[in-house]
Amino acid sequence: MPGPVLYVARVEPYRISDLNQFLSSIAKHPRVEITPIGKTAEGRELEIIRVGKADAPHGVFVRARAHPWEAGGNWVVQGLVRRLLQNDAEAEKFLGEYSLYVLPMTNKDGVALGRTRFNMRGKDLNRNWDQPADPELAPENHALEKWMDEMIKTGRRPHLALELHNDGNGMLHISRPPVVDIERHLARMNTFEQLLRKHTWFTEGSTKPTFRNSGTLGEGFLVRYGIDAAVHEFNCHWIAGLQQAPLGKHWEDYGANLATVFYEYLTQVQP
Ligand SMILES: [Zn+2]
């Protein structure tokens, strides 16, 4: 070891340099717009990638990497964006139905410093979504809220949102807050889950009917913005549907197939 520090990665790493390389590889594509939305606690720039037209009939929002050790989400969104940028009839069909908005790396400070969960002011960026974020303590979430307010004001409220994580189970976390129309939300999430099973290697299933995921982005987006949203975990140890340990390429494949899942979800549900 030439250096004084050893970092041990629990999943295949996806660094800020990997993100920057990815962003510069897509930045000039005519279907892509990359918009800075604010800065992290330590001043790193946060960006949203839009793939598709701003006036597409539907919008899908995906956020990755609120928790720095959970690199899986970055591989997923990379596969998803690349699929939508392929020059084929399917990609064109998908983007006729929706545009995709991705916040690819929420906790950049934590990623830069090899941290595990919190931002540099001690906040878990997948908590406290029941109320507006404190701009001092959670500037990463505040920036996202400002962006979302603008989207809603301009009539572009996303119709579906996913918050990507890694854990040891890999389930879809569907929360059940006491909102009007919760049954409709649960029916839609069931449709989404069935489509994941049909088009990807997803077999892990969703949380029990008593499950409540208070404070997460999934629940907060549903309660505060009326957006059908869920937290999607990816098992960091094992992919049951493939019978193997996950690598970045498996998550990229998953992301590529999510493009189809989103399309079929939106055409079936017509939110
Ligand atoms: Zn997490």
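Residues numbered from 1 in each chain as written. Predicted model: local features only at pLDDT ≥ 70, side-chain atom pairs only at ≥ 80, totals over all residues. Heavy atoms only, no water.

Draft legend 1. Local environment of the pattern of salt bridges. Going through the model one piece at a time under the given rule, you end up with 18 salt bridges. In this structure, the salt-bridge partner of R15 is D18, at a minimum N-O distance of 3.1 Å. When its relative accessible area of 15% is taken as the criterion, D18 is described as buried. Between R50 and E33 there is a salt bridge, with the nearest N and O atoms lying 3.4 Å from each other. Pair noted here: R50 is in strand β2 (residues 45–51) and E33 is in strand β1 (residues 32–39), with a separation of 17 residues, a long-range link. One salt-bridge network, in which partners are shared between bridges, spans E42, R44 and D109. (Salt bridge = Lys/Arg side-chain N within 4 Å of Asp/Glu carboxyl O. Buried < 20%, exposed > 50% of the residue type's maximum accessible area, 1.4 Å probe, protein only. Helix = DSSP H or I, 4+ residues; strand = E, 2+ residues; numbered from the N terminus.)

Draft legend 2. Structural view of the coordination of the zinc ion. The coordination sphere of the zinc ion contains the protein donors H67 (ND1), E70 (OE), E70 (OE) and H165 (ND1), at a distance range of 2.1 to 2.5 Å. Given four donor atoms and angles of 56 to 137° at the metal, the environment of the zinc ion is assigned as irregular. The sequence pattern describing where the donors of the zinc ion fall on their chain is H-x2-E-x94-H. E70 shares its class with H67; the two are buried. (Donors = N, O, S within 2.8 Å, 3.2 Å for Na, K, Ca; no water. Tetrahedral: all angles 85-135°; square planar, octahedral: opposite > 155°, others 65-115°.)

Draft legend 3. Layout of unusual backbone geometry. Phi at R65 takes a positive value of approximately 65°, unusual for a residue other than glycine. Within the fold, R65 resides in the loop between β3 (58–63) and α2 (72–84). Its identity as a non-glycine residue notwithstanding, D181 has a phi of 70°, on the positive side. With respect to the helices, strands and loops of the structure, D181 is situated in the loop between β6 (172–173) and α6 (182–199).

Draft legend 4. Expanded view of the nonpolar core. Core analysis: the largest hydrophobic core is formed by 56 residues, its most contacted members being V62, L84, Y98, L100, F192, L258 and F262. The biggest single contributor to this core is helix α8 (residues 248–269), with 10 residues. Discounting chain neighbours no more than four positions away, the residues touching F262 are V60, V62, L80, Y98, L100, L160, L162 and F192. Counting residues in each nonpolar core, the second largest holds 18 residues, with L103, A143, M148 and M151 among its members. (Core = buried A, V, L, I, M, F, W, Y, C linked by side-chain atoms within 4.5 Å. Contact = heavy atoms within 4.5 Å.)

Draft legend 5. Geometry of the sheet that holds strand β4 (residues 98–103). Spatially, seven strands are ordered β1-β2-β4-β3-β5-β7-β6 in an open sheet, and the strand pairing comes out mixed. With one partner strand each, in any of the chains shown, β1 and β6 form the two edges of the open sheet. Here β2 pairs with β4 via three bridges, running antiparallel. Paired with V51 across the two strands is L100, which belongs to β4. Across the sheet, helix α1 (residues 16–26) is in contact with β1 and β2; its angle to β2 comes to roughly 40°. Packing of helix α3 (residues 89–97) onto the sheet brings it into contact with β2, β3 and β4, and relative to β4 it is tilted by some 85°. (Pairing = 2+ DSSP bridges. Axes fitted to C-alpha atoms, helices over the stretch in contact; angles between N-to-C directions.)

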